[in-house]
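Structural description and commentary
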Amino acid sequence: MSEAVPSECYPVTDRNRVKRLHERGRYDRESVHAILDGAMIAHIAYVIDGQPYCTPTAFWREGEHLYWHGSSASRMLRAQRDGLPVCLTVTHLDSLVLARSGFNHSADYRSAMCFGTARIVEEPEAKTRALDAMVDRFYPGRSADLRVSTAQEIKATMVVGMEIEEASAKVRGKGLSDEGEDMDLPIYTARYPVVQVIGAAEPCPRLPADTPVPPGLAGFTAGRRLDELMLENHRIRFGGE
């Protein structure tokens, strides 16, 4: 049974309710979408013939729909042709937390879990638009600069879409957390921030020296946080969706 929640939140049900450390749970779309849009890779869990699988893959969000792609030969993607219940998760690791006891060692993180029914995007024009959207979601405007995909490339690639039926986020950002009676123990404790960043570009050796960097790649500067860049590029491509 779902709880009554504001329209800006996802419905809270037994499936998506955060049960352990429930105070870390968030159900508002803004929190869930920010975690999704700051990532490039998701893990998608599903069951085929009683066997559970979990597949990492590049993905993107358009409004209340999530999309991912893969090989047309993929067993997972072929099984989704008629609709397959899936759970898609994303996690950002923000810090490692060392405490004065093993029990209180932890990590700061932001995670999202989305539930829905995955279906293959069959219509050729919709499939081509989705593949262009995937490129532009990560690298704004890049699809217009690329050569046109061949019919074989389109055929070899499968696109899957899923409407977000239910979702929740879980966030820890408290850093160090020891018991009061442990605070004076002379045991080293610290928080180690973890940040995934863009490195310096390594252009193809055969690229002509006068080839300019496209404007859509202006944000790819060495040291830039990947999650911040992905959020920015998602807004460039999809606006405030």
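Look above for the structure.
Below, the structure is looked at part by part. (Residues numbered from 1 in each chain as written. Predicted model: local features only at pLDDT ≥ 70, side-chain atom pairs only at ≥ 80, totals over all residues. Heavy atoms only, no water.)

Focus: the overall build of the protein
Inclusion rule: A run of H or I in DSSP counts as a helix once it spans at least four residues, and a run of E counts as a strand once it spans at least two, with each numbered from the N terminus. Exposure classes here rest on a 1.4 Å probe applied to the protein chains alone. A residue is buried below 20% of its type maximum, exposed above 50%, and partly exposed in between. Contact criterion: two residues are considered in contact whenever any of their non-hydrogen atoms come within 4.5 Å of each other.
Across its full length, the protein holds five helices and nine strands. In sequence order, the secondary structure elements of the protein are arranged as β-α-β-β-β-α-β-β-α-α-β-β-β-α. In terms of overall dimensions, the protein has a C-alpha envelope of 65 × 55 × 35 Å along the principal axes. Counting all 241 residues of the protein, 39% fall into the buried class. Taking contacts inside the protein between residues at least 6 apart in sequence as the whole, the part at least 24 apart equals 71%.

Section: the nonpolar core
For clarity, the threshold we go by: We define the nonpolar core as a collection of buried residues of types Ala, Val, Leu, Ile, Met, Phe, Trp, Tyr and Cys that are connected through side-chain atoms lying within 4.5 Å of one another.
Ranked by internal contacts, the top residues of the largest apolar core, which has 27 residues, are Leu36, Phe59, Leu66, Trp68 and Leu88. Among the elements of the structure, helix H1 (29–37), strand S2 (41–48), strand S4 (65–71), strand S5 (84–98), strand S6 (106–120), strand S7 (157–163) and strand S8 (166–172) are those that each provide at least two residues to this core.

A short note on helix H5 (residues 226–238)
We apply this condition: Take the number of residues in a helix, subtract one, and multiply by 1.5 Å to get its expected span.
With 13 residues, H5 should cover 18 Å at 1.5 Å per step; its first-to-last C-alpha distance of 18 Å lies within 8% of that length. Among all positions of H5, only Leu226, Asp227, Leu229, Met230, Leu231, Asn233, His234 and Phe238 are buried. Phi turns positive, to about 70°, at Gly239, one or two residues after H5.

Some thoughts on the environment of Met113
Tracing the backbone through its elements, the reader meets Met113 in strand S6. For Met113, a relative accessible area of 33% gives the class partly exposed. C-alpha separation for the pair Met113 and Ile35, spaced 78 residues apart in sequence, amounts to 9.8 Å. Setting aside chain neighbours within four positions, we find Met113 in contact with Cys87, Leu88, Thr89, Glu166, Ala167 and Ser168.

Topic: the pattern of salt bridges
To be explicit about the condition: By convention in these notes, a salt bridge is any Lys or Arg side-chain nitrogen within 4 Å of a carboxyl oxygen on Asp or Glu.
In total, this model carries 15 salt bridges according to the counting rule given. One salt bridge in this structure joins Asp178 and Arg100, with 2.7 Å as the shortest N-O distance. One end of the pair, Asp178, is in the loop between S8 and strand S9 (190–193); the other, Arg100, is in the loop between S5 and S6, with 78 residues separating them in the sequence. As far as the burial class goes, Asp178 and Arg100 line up, both buried. For Asp227, the salt bridge is made with Arg225, and the minimal N-O distance between the two is 2.7 Å. Owing to a relative accessible area of 11%, Asp227 belongs among the buried residues under this scheme. The exposure class assigned to Arg225 is partly exposed, which follows from its relative accessible area of 27%.

Overview of the packing of aromatic side chains
The criterion, for reference: Aromatic pairs are defined between Phe, Tyr and Trp rings, using the six-membered ring for Trp, whenever the two ring centres lie within 6.5 Å; interplanar angles under 30 degrees are classed as stacked, those over 60 as edge-to-face, and all others as tilted.
For the structure shown, the criterion picks out four aromatic pairs. Taken together, a centroid distance of 5.7 Å and an interplanar angle of 20° make the contact between Trp60 and Tyr67 stacked. With relative accessibility at 18%, the residue Tyr67 sits in the buried group. Ring centres of Phe138 and Tyr139 lie 6.3 Å apart, and the angle between their planes is 65°; this geometry places the pair in the edge-to-face category. Judged by relative accessible area, which is 4%, Phe138 ranks as buried.

A closer look at the packing of helix H3 (residues 124–138) against H5
Note the cut-off: Axis lines are fitted through C-alpha atoms, for helices just across the contact stretch, and the angle between N-to-C directions can take any value from 0 to 180 degrees. Any angle between 65 and 115 degrees counts as roughly perpendicular, while under 35 counts as roughly parallel, over 145 as roughly antiparallel, and the rest as oblique. Classes in brief: Ala, Val, Leu, Ile, Met, Phe, Trp, Tyr, Cys and Pro nonpolar; Asp, Glu, Lys and Arg charged; the others, Gly included, polar.
Taken N-terminus to C-terminus, the directions of H3 and H5 make an angle of 135°; their axes are 7 Å apart at the nearest point. Judged by the inter-axis angle, H3 sits oblique to H5. Contacts between H3 and H5 involve Ala133, Asp136, Arg137 and Phe138 from the first element and Met230, Asn233, His234, Arg237 and Phe238 from the second. Taken together, the residues of the contact of H3 with H5 break down into four nonpolar, two polar and three charged.

No statement about biological role is implied by the geometric values presented.
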